[in-house]
Amino acid sequence: MAAQTVEPSRSVSESGGGAGYWTRLLPLLAVLACVTRIPSFTRPLWNPDEGYLAVQAGMLAHGGELYGTVVDRKPPLVPWLYQAAFALAGPESLTSVRILAVLAQLATALALASLARRRWGDTAGRTAGVLYLLISVGLNPEDAQAATFEVFILPCTAAAMWCADRRRWGAAGLAVGCAFLAKQTGGAVLLPVLWLCGARRDGPVRVGAGAAAPVLAAALVTDPAGFLFWTVTGSATYASLGGSVLHIAGRALGNAAILAVACAGFLPSLVRNRHAARAGTTDLWLWLAASAGAVAVGLHFFGHYYLQLLPPLALLATAALRALPRDRPAGPVLATACCCALFLTWGLLAPRAELEHARRLAAAAAHRTGPGERVLFWGMHPEAYWFAGRTPASRYLTAGLLTNYSGGRDGTRTGEPYAVEGGWRTFREELATHPPALIVDDSRGKPYAPDRLPSLRRLLAAGYEEAGTVDGAVMYERAGRRGRA
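Calculation rules
Residues numbered from 1 in each chain as written. Predicted model: local features only at pLDDT ≥ 70, side-chain atom pairs only at ≥ 80, totals over all residues. Heavy atoms only, no water. Axes fitted to C-alpha atoms, helices over the stretch in contact; angles between N-to-C directions. Helix = DSSP H or I, 4+ residues; strand = E, 2+ residues; numbered from the N terminus. Left-handed = near helix turned anticlockwise from the far one by under 90°. Contact = heavy atoms within 4.5 Å. Nonpolar A, V, L, I, M, F, W, Y, C, P; charged D, E, K, R; others polar. Core = buried A, V, L, I, M, F, W, Y, C linked by side-chain atoms within 4.5 Å. Buried < 20%, exposed > 50% of the residue type's maximum accessible area, 1.4 Å probe, protein only. Salt bridge = Lys/Arg side-chain N within 4 Å of Asp/Glu carboxyl O. Expected span 1.5 Å × (residues − 1). Polar contact = N/O pair within 3.5 Å; in protein donor to acceptor, adjacent residues only side chain to side chain. Pairing = 2+ DSSP bridges.

(A) The arrangement of the packing of helix H9 (residues 169–182) against helix H11 (residues 202–221) in detail. For the pair H9 and H11, interaxial distance at closest approach is 7 Å and the crossing angle is 40 degrees. Where H9 crosses over H11, the two elements pack in a sense that is right-handed. Across from Trp 169, Gly 170, Gly 173, Leu 174, Val 176, Gly 177, Cys 178, Phe 180 and Leu 181 in H9, the residues of H11 making contact are Gly 203, Arg 206, Val 207, Gly 210, Ala 211, Pro 214, Val 215 and Ala 218. Residue composition of the contact of H9 with H11, grouped by class: eleven nonpolar, five polar and one charged.

Structural data, given as structure tokens:
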């Protein structure tokens, strides 16, 4: 079925005052992007994903090979961004990465503003850009404020729709490919892009070629077989249907409810004026549906997954607000701003229990080891390596890769048989070649505890001695080695 051609509604200022329009709007959106990201600068790290990326960047900077000695179930774009940021500003803090996140949010807002302005006029452009930034913080702060994968997906997906709206099919495909390289689910934007291609024979071909180019380049630059395994074929157990249905459903509904609060200012208008919002917006509804599918993939429903919903939501809300009387749209925007203020306050006051736990573990490990010694943190806090300034003893930075453990599961499919293919063999070889001076068991009763893992249990029994506890985590020192404590 052919897509409807969307003809932009040109205003007087669009035809003759484009430069002036953007000169006024750009500073407004830049200030708003900075304000909404203020909480992200108030703590050294927001979640383990940031810690994982920081450790990966350090390993890459010291000669590590992506999908070889540096691994994760993700494409390479965001680790490369972290590596570049650290090369420019140093690895001691994530400030440089946080600045990149601000720029990513600003770029997304500008693309959405341009899309809305082309379709519905100047006021709609301003509304879309502002609404997006206001709702961009509408999740748990550890999801909304962290500089992780989804934040860098968003400018790519917005750019893909911007290019497709202008029938620049090759560029749209290139942006789709970059979205995939930020995280696999970013490729969901391909659906609305292809819809906009409609019946044009060359459109899908050019989109496909554009999308394939950066993905193939990334595979060749890294390792084609490793790239394919870690980004596509090696995640079957992680994306399985096993786990606690109630736990998964509770997380899905809980994060949806939090996002609904952030959007409460305009959701009533979107529901009441849904018919107006449907006119000429099929591609936007497809974008929202494809993004919802991306949120559901793997059935984990972590809060940061929901960030992909925000760009199409902002545009659809803008379309719905156009149906209100001329002086009425300001009310929903103001209400959304008030909700934004609540989330910013939450971000500034959010508790830091797990962050402080990881820092105490890191301090204890740094005290007991020398800078050149390797450490193994057996748990789900890879940031401890970064805080401690110690080299990981293994390429597997969390217990999850070797046990399939995830917070969204009940532990029934957790253990050595569910590890990534060949993981335990590689793990044993790494620890035999470079035995860690210290192993910190941070399982704390979780299903990946050493007493449930024969290989790790044997390793500890054969060569390590218990050396104390920190916050419930047990430290094991290599036998015959005298600690620094």
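(B) Expanded view of the nonpolar core. Counting 142 residues, the largest nonpolar core has Tyr 82, Val 193, Tyr 306 and Trp 378 as its most contacted members. For this core, the element with the highest residue contribution is helix H5 (residues 95–120), accounting for twelve residues. Among residues more than four places away in sequence, those in contact with Tyr 82 are Glu 50, Leu 53, Ala 54, Ala 57, Leu 94, Val 97 and Ala 147.

(C) Representation of the pattern of salt bridges in the model. Tallying each qualifying case throughout the model produces 13 salt bridges. For Asp 202, the salt bridge is made with Arg 206, and the minimal N-O distance between the two is 3.0 Å. Separated by four residues within a single helix, Asp 202 and Arg 206 lie in helix H11, roughly one turn from each other. One salt bridge connects Arg 444 with Asp 442, and the closest N-O pair in it is separated by 3.0 Å. Residue classification places Arg 444 among the partly exposed positions, given a relative accessible area of 33%. Several salt bridges share partner residues, and in doing so they unite Arg 118, Arg 119, Asp 165, Arg 166 and Asp 283 into one network.

(D) Quick peek at helix H3 (residues 48–61). In a regular helix each residue adds 1.5 Å, so 14 residues correspond to 20 Å; H3 covers 20 Å between its end C-alpha atoms and thus fits that length. Of all 14 residues making up H3, ten are buried, and the element is well covered by its neighbours. Three or more residues of H3 are buried, namely Glu 50, Gly 51, Tyr 52, Leu 53, Ala 54, Val 55, Gln 56, Ala 57, Met 59 and Leu 60. Of the surrounding secondary structure, the elements contacted by the buried residues of H3 are helix H4 (77–89), H5, helix H8 (149–165), helix H20 (383–388), strand S2 (391–392) and helix H21 (400–403). The backbone nitrogen of Asp 49 lies 3.1 Å from a side-chain oxygen of the residue at the head of H3, namely Asn 47. At the C-terminal side of H3, Gly 63 shows a positive phi close to 95 degrees.

(E) Highlighting the pairing of strand S4 (residues 464–470). Here S4 pairs with strand S5 (residues 473–478) via six bridges, running antiparallel. Bridging from a neighbouring strand, Glu 466 pairs with Tyr 476 of S5. The antiparallel pairing of S4 with S5 creates a hairpin that spans two residues between the two strands, and Asp 471 there sits at a positive phi of about 55 degrees.

(F) Representation of unusual backbone geometry within the structure. Even without a glycine there, the phi angle at Phe 301 is positive, about 55 degrees. Given the relative accessible area of 14%, Phe 301 is considered buried. In this model, Asp 471 sits at a positive phi of 55 degrees, which is unusual for a non-glycine residue. Structurally, Asp 471 is set in the loop between S4 and S5.

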